[in-house]
Amino acid sequence: MKKNSPAEIQQQMQDNIHWIKGAQENKLVVGSQARILYADAEGRMKIAEAFNQAIAKGKIGTVILGRDHHDVSGTDSPYRETSNIYDGSRFTADMAIQNVIGDSFRGATWVSIHNGGGVGWGEAINGGFGMVLDGTKEASKRIESMLFWDVNNGISRRSWARNEGALFAIKRAMKTQPLLKVTIPNRVDENLFQI
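Reference entry: report on the structure contained in this document.

Thresholds, definitions, all that
Positions within a chain are numbered from 1, following the residues in the order the chain's sequence is written. Since the coordinates come from a predicted model, pLDDT governs what is reported: local features require at least 70, and pairs of side-chain atoms require 80 or more to be given and counted, while whole-chain, interface and lining totals use all residues. Only hydrogens and water are removed before side-chain values are computed, so all heavy atoms of the structure are retained for them. By the criteria applied, helices consist of DSSP H or I runs no shorter than four residues and strands consist of E runs no shorter than two, each listed in order from the N terminus. Relative accessibility decides the category of a residue: with a 1.4 Å probe and only protein chains considered, values under 20% of the type maximum give buried, values over 50% give exposed, and everything between is partly exposed. Should any heavy atoms of two residues lie within 4.5 Å, those residues are counted as being in contact. When DSSP finds two or more bridges between two strands, those strands count as paired.

Comments concerning the overall build of the protein
Now for step 1: In terms of regular secondary structure, the protein is built from 5 helices and 4 strands.
Now for step 2: For the protein, the sequential pattern of α-helices and β-strands runs α-α-β-β-α-β-β-α-α.
Now for step 3: Out of the 195 residues belonging to the protein, those deemed buried represent 42%.
Now for step 4: Expressed as a percentage of contacts within the protein between residues at least 6 apart in sequence, the contacts between residues at least 24 apart total 54%.

See the structure below:
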């Protein structure tokens, strides 16, 4: 993944690989030995499947993938996570709700809707999930279905608002998954506004 990733996400891949190699050395003070890994849908599915295969081979124990908020699809927070949605819709709470409904139907072990998330009560709505990886083929199917939706739901939403990073990501996702069809917004000709 590190070698084949586009230049736009090379640093994310390098950070993830660095952390995974040193995971045993980390003693976190919050929760269990966990880490946020930033990756696109393809990267998350590959990382999760590698965990699932390691579990199946008895190399590691059960793993729980989870996200409470602060991610591409999980939070509607106009002053933080959705502050880069410039079409005026950043003040709606549609993305988090759509996210947990889709996650629940696509294989999440649990989902949650909650408020706040570090910016204050009433300032954000968050949709989270947990997914137990137990080394089974069923877990592999859930990984593919749920993580694909979990990421691309938010990327689609942001691309419709003309976020440059999201436009790059959703076009890349559609190339790797031909069944994914997302309408790409038309750009306004800036010359139309000149007097």
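Points about the pairing of strand β4 (residues 125–133)
Now for step 1: The element β4 is largely enclosed, with a buried count of 8 among its 9 residues.
Now for step 2: Where strand β1 (residues 63–67) lies against β4, 5 bridges are found, and the strand directions are antiparallel. Within the sheet, the bridge partner assigned to Arg-67 lies in β4 and is Phe-129.
Now for step 3: As defined by bridge partners, strand β2 (residues 75–76) adjoins β4 across 2 bridges and the pair is classed as antiparallel. Considered in β4, the bridge of Thr-75 is made with Asn-126.
Now for step 4: Here strand β3 (residues 110–115) pairs with β4 via 6 bridges, running antiparallel. Residue pairing in the sheet places Asn-115 in a bridge with Ile-125 of β4.

Honestly, it's all geometry; don't read function into it.
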